[in-house]
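Chain residues, written in single-letter form:
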Amino acid sequence: GDSVTQMEGPVTLSEEAFLTINCTYTATGYPSLFWYVQYPGEGLQLLLKATKADDKGSNKGFEATYRKETTSFHLEKGSVQVSDSAVYFCALSLKAPDGGSQGNLIFGKGTKLSVKP
Amino acid sequence: DAGVTQSPTHLIKTRGQQVTLRCSPKSGHDTVCWYQQALGQGPQFIFQYYEEEERQRGNFPDRFSGHQFPNYSSELNVNALLLGDSALYLCASSLAVTSGRVYNEQFFGPGTRLTVL
């Protein structure tokens, strides 16, 4: 079935370090891909998205590229800050026949990131 | 502009009881999805409501039911509570474009933390 696999956490980095969180997916067709972030005590916020192969999503210094050949959507940031400490979720949404999203999101288990000053 | 709101914030119930959780979508949104997030896991899709009807359903038993009102707000009902129902319940809203096809971005509420004793 359709699924998302992301690297196990927790990930602990020093401020200004480079971040990579791996995400791979299994899906029928070509889904839309997302990264969501969950700060302590809050709901999920959309961080970035990509809707077709080779698209690059970016926001707040984070980037991820939709790689169809490797079924991956790895999250990267060149220099993390303490304020980036949160849980990051990779997710996919299957496409409906008319090209829109089917609506329901399929999430990975999440990767907790802690950034130390 | 108010985002997605959920009530209550926290709830404690005992096994066998019934619970109702509530969600008000972001202004201008007409579609609501409910997700269950167990501790340390990613959210799992429960169901989606559009035009007051359940449009999609995830792999959850009939004990989980919902409703959408004419003002687009929604309720999630869980009957015969089990210990395993303890989780964070997230509501996400979005704007449908074509016959209930939800287009990519869902906005999440802060969730309701349900504890079943």
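The structure under discussion appears in the preceding block.
Nothing here was measured: the structure is a model prediction, and the numbers come from that model.

## Concerning the state of the cysteines
By definition, a disulfide links the sulfur atoms of two cysteine residues through a covalent bond. Residues and elements named next belong to chain B. A complete count under the given rule lists two disulfides over all chains for this structure. Two residues share a disulfide in this structure: Cys23 and Cys91, whose sulfurs sit 1.8 Å from each other. When the S-S torsion is -60°, as for the bridge of Cys23 with Cys91, the disulfide is left-handed. Of this pair, Cys23 sits in strand 3 (residues 19-24) while Cys91 sits in strand 9 (residues 87-94), and the two are 68 residues apart along the sequence. Look at Cys91 and you get buried, because its relative accessible area is 0%. Of all cysteine sulfurs, the one in Cys91 lies closest to Cys33, which takes part in no disulfide; the gap is 8.3 Å.

## Some words on the pairing of strand 8 (residues 74-78) of chain B
Residue and element names in this part refer to chain B. Most of strand 8 is tucked away, with five of its five residues classed as buried. Along strand 8, one buried face is formed by Ser74, Leu76 and Val78 and the opposite face, lined by Glu75 and Asn77, is buried too. As judged from the five bridges shared by strand 3 and strand 8, these two strands associate in the antiparallel manner. Looking across to strand 8, one finds that Val19 is bridged to Val78. Sheet topology note: the strand 7 (residues 64-68)/strand 8 ladder contains five bridges and is antiparallel. Within the sheet, the bridge partner assigned to Phe64 lies in strand 8 and is Val78. The hairpin turn running from strand 7 into strand 8, its antiparallel successor, is five residues long, and Tyr72 in that turn takes a positive phi close to 80°.

The rules behind these values
Residues numbered from 1 in each chain as written. Chains lettered and ligands numbered in written order. Predicted model: local features only at pLDDT ≥ 70, side-chain atom pairs only at ≥ 80, totals over all residues. Heavy atoms only, no water. Disulfide = S-S within 2.5 Å. Helix = DSSP H or I, 4+ residues; strand = E, 2+ residues; numbered from the N terminus. Buried < 20%, exposed > 50% of the residue type's maximum accessible area, 1.4 Å probe, protein only. Pairing = 2+ DSSP bridges.

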